[in-house]
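# Reading the structure
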Amino acid sequence: MVKVSGMAEEHWQQARLIPTSGISGQEEAERRATSALLAVMRSVREFGLAIIKPLGAPTGQITTFIEVPFEIDGRSAYPDGIIESRRGNRTWTALVEVKTGSAVLERPQLEGYLDVARDNGFDAVLTISNQIAPAPGIHPVEVDKRKLRRTALHHLSWAEVLTIAVQQRVHRGVSDPDQAWILEELIRYLEHPKSGALDFSDMGPTWVPVREAVANGTLRANSPGLAEVVSRWDQLLRFAALRLGRELGAGVQVHLSRKESADPASRLAAQTQSLVRHGRLTGALLIPDAIAPVDLVADLRAGRVTVSVDVGAPREGRASTRVNWLIRQLRDAPDDLRIDAFTFGSRTSTSELLKTVRERPQTLVEDARRDFRMFRIAATTAAGTKRGTGRGSFIESVLAAIDDFYETVVQQLRPWTPRAPRLPAGGRTAAEEAGIDLEPPPRDLLEDAEPHSPGELPHDATPPGAVTAIAHRWGGPDTERAPRALPTDESASAGESSGAR
């Protein structure tokens, strides 16, 4: 073994499959990020399919290329890459355009690549940048809709790419150990600041003036920069969902109503109105298997961030028992959580801090005759003011509030389920358990015990002869006809006259 004097092995730089050293500028960062991503997509099939299958590609063999030359209006164009997926007779092809760092996608370039894709019979154009779309299926750059008739336009942020890579490697798994190591190298590369693949890190240049206008009460619907701040808020929600899903290995999504999903402009209008009227930005995250969506309110007027979740109350037991059911699940939660209790038939709620509720559960019980409908658990923290990242930033305050609330509250909660029906204790019947007296009267027991002499009937028995006479009179013992009417005086007289003849 060769020894190197004056050097310790722990200080040696490990060889990397995708090195970050030597990246000298924006162009080099984009070329290296594109080549690394497309090469790993081809080498690690599970990861490659996780990227392109949601875009409509077949589950086939993936082939990738970089910087393929084309002609656009008589001049050469070089998209950053091409992805092909072949299965049987079908081939799915997409042009790829990549941006890193602060570089943004531009409409003329995208529309030119859409023309190239259409002329060559390609299926899609895929863009990758640090821009985050506010919702799945929405591209951050608006293009001419006529160019999308034959060619689809898809977008992935680098945060999404990293999330897919982590979920595939850590949570879903890669079958081949060597391919798993290759995917780890891509994750390590994308996590490095020099790669140009950045997380959401800026609320935009208009953040500070809009925030100050909210605090001063001067914000109006036509205030400059308002639409950009609302758009950045939706991007932050989307990034928060991706970031949480990356750690959980689950598909966390921004929770949208049907109207908002069908018409994104309606959500933009509603958020704008909320910010102007109340100084609030709102949203919700839908986490698979969580007890309920996690609601988020950023109150810029008060400088507070509130994260909350609604929990359905148990449907049985006393009021204090139902409160204790909730407290038991929050044994590791901080004391300053707020608990709101809602009852059926009431528009108001009772509220108290968790510390007080732990000591006196009855403080949430306003009327013992009203059943609880729902509990709302909320945590409120200070909102940062800076537009970027780091200490004192708005972005970091929102992300920290979500992470802390999920860890200490949401992942601890389980919905109430009724217990299985239980048999009465001690071998008793349900009637006995209810206090119903099933013992026969003492007289009945004495009468059943009295002996009878031979040929003597019990005092309440009917003589056999009487039964025979009655049966003969009503048509015989086997008849099922209804009893006939007794003869009237006239019919009896008629019968006697007939007999006399």
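That block above? That's the structure.
The structure reproduced in this document is the subject of the present report. (Residues numbered from 1 in each chain as written. Predicted model: local features only at pLDDT ≥ 70, side-chain atom pairs only at ≥ 80, totals over all residues. Heavy atoms only, no water.)

All told, the structure shown has 2 cavities of 30 Å³ or more when counted by the stated rule. In this structure, the largest cavity encloses a volume near 60 Å³. Along its surface, the largest cavity is lined by Ala341, Thr343, Ser346, Thr348, Ser349, Thr350, Leu364, Val365, Glu366, Asp367 and Phe372. Sorting the residues of the lining of the largest cavity by element identifies strand E12 (338-343) and strand E13 (349-353) as the ones contributing at least two each. (1 Å grid on protein atoms, 1.4 Å probe; cavity = no way out; pocket = protein on both sides within 12 Å on 5 of 7 lines; lining within 4 Å. Points joined across faces, edges and corners; volume = space filled by probe spheres on them. Helix = DSSP H or I, 4+ residues; strand = E, 2+ residues; numbered from the N terminus.)

Let us now look at the packing of aromatic side chains. Here the distance between the centres and the angle between the planes together describe a pair of aromatic rings. Using the criterion set out here, one finds 5 aromatic pairs in the structure. Arranged with centres 6.0 Å apart and planes meeting at 80°, the rings of Phe70 and Phe122 form a pair that is edge-to-face. You can see Phe70 sitting in strand E2 (residues 70-72) and its partner Phe122 sitting in the loop between helix H3 (107-119) and strand E6 (124-129), a full 52 residues away along the chain. A relative accessible area of 13% means that Phe70 is categorised as buried. Here the aromatic rings of Trp207 and Phe394 are separated by 4.6 Å at their centres, their planes lie at 35°, and the arrangement is tilted. Of the two residues, Trp207 sits in helix H6 (residues 207-216) while Phe394 sits in helix H12 (residues 394-408), which places them 187 residues apart along the sequence. Trp207 gets classed as buried once you look at its relative accessible area, which sits at 0%. Through a chain of ring-to-ring contacts, three or more aromatic side chains come together here, namely Trp207, Trp233 and Phe394. (Phe/Tyr/Trp six-rings, centres within 6.5 Å; stacked < 30°, edge-to-face > 60°. Buried < 20%, exposed > 50% of the residue type's maximum accessible area, 1.4 Å probe, protein only.)

Among the nonpolar cores identified, the biggest contains 64 residues, and Leu275, Ile377 and Phe394 are the most heavily contacted of them. Counting residues per element, this core draws most heavily on helix H7 (residues 226-248), at 11 residues. In contact with Leu275, not counting residues within four places along its chain, are Val210, Val214, Leu219, Leu226, Val229, Val230, Arg280, Leu281 and Leu300. Ile83, Leu126, Leu156 and Leu183 belong to the second-largest nonpolar core, a separate cluster that totals 42 residues. (Core = buried A, V, L, I, M, F, W, Y, C linked by side-chain atoms within 4.5 Å. Contact = heavy atoms within 4.5 Å.)

Time to look at the side chain of Thr63. By the secondary structure assignment, Thr63 is in strand E1 (residues 61-66). With residues up to four places along the chain from it excluded, the contact list for Thr63 reads Arg42, Ile82, Ile83 and Glu84.

Our next topic: the layout of surface pockets. Estimates place the volume of the largest pocket at around 1200 Å³. Forming the boundary of the largest pocket are 49 residues, of which Ala133, Ala135, Pro136, Gly137 and Ile138 lie nearest the centre. For the lining of the largest pocket, the elements supplying multiple residues, two or more each, are helix H2 (45-52), strand E7 (152-157), helix H4 (158-172), H7, helix H8 (258-262) and helix H9 (264-278). Sorting elements by how many residues they give to the lining of the largest pocket places H7 first, with 8 residues.

Moving on: the environment of Lys99. Position of Lys99 relative to the elements: it lies in the loop between strand E5 (90-98) and H3. The exposure class of Lys99 is buried, given its relative accessible area of 13%. Between the C-alpha atoms of Lys99 and Gln131, which are 32 residues apart in sequence, the distance is 9.1 Å. Here Lys99 is in contact with Glu30, Val104, Leu105, Gln109, Ile128, Ser129, Asn130 and Trp158, once residues within four sequence places are set aside.

With that settled, consider the sheet that holds E1. Taken in spatial order, the 5 strands make up an open sheet running E1-E4-E5-E6-E7, and their pairing is mixed. Edge positions in the open sheet fall to E1 and E7, since each of these has one partner strand only. Here the strands of the sheet are splayed against their neighbours by 20° on average, with no regard to which way each runs. The pairing of E6 with E7 spans 6 bridges and is parallel. By the bridge assignment for E7, Ala124 is matched with Ala152. (Pairing = 2+ DSSP bridges. Axes fitted to C-alpha atoms, helices over the stretch in contact; angles between N-to-C directions.)

Here we have 7 strands laid out as an open sheet, ordered E8-E9-E10-E11-E14-E12-E13, and antiparallel in their pairing. Sheet topology places strand E8 (253-254) and E13 at the edges, where each strand pairs with a single neighbour. In the sheet, E12 pairs with E13 via 5 bridges, with the strands oriented antiparallel. Counterpart to Arg338 in the pairing with E13 is Leu353. Relative to strand E9 (residues 280-286), H7 is tilted by about 25°, and along the sheet it contacts E8, E9 and strand E10 (294-299). In this fold helix H10 (residues 319-329) packs onto strand E11 (304-312), E12 and strand E14 (372-382), with an angle of close to 40° to the strand it touches most, E14.

Now for the packing of helix H1 (residues 26-43) against H2. Where H1 meets H2, the closest approach of the two axes is 5 Å, and the angle between their N-to-C directions is 115°. Looking at the two axes, H1 sits roughly perpendicular to H2. Listed contacts from H2 to Leu37, Val40, Met41 and Ser43 of H1 are Arg45, Phe47, Gly48, Ile51 and Ile52. (Parallel < 35°, antiparallel > 145°, perpendicular 65-115°, else oblique.)

As far as function goes, none of this settles anything; it's purely spatial.
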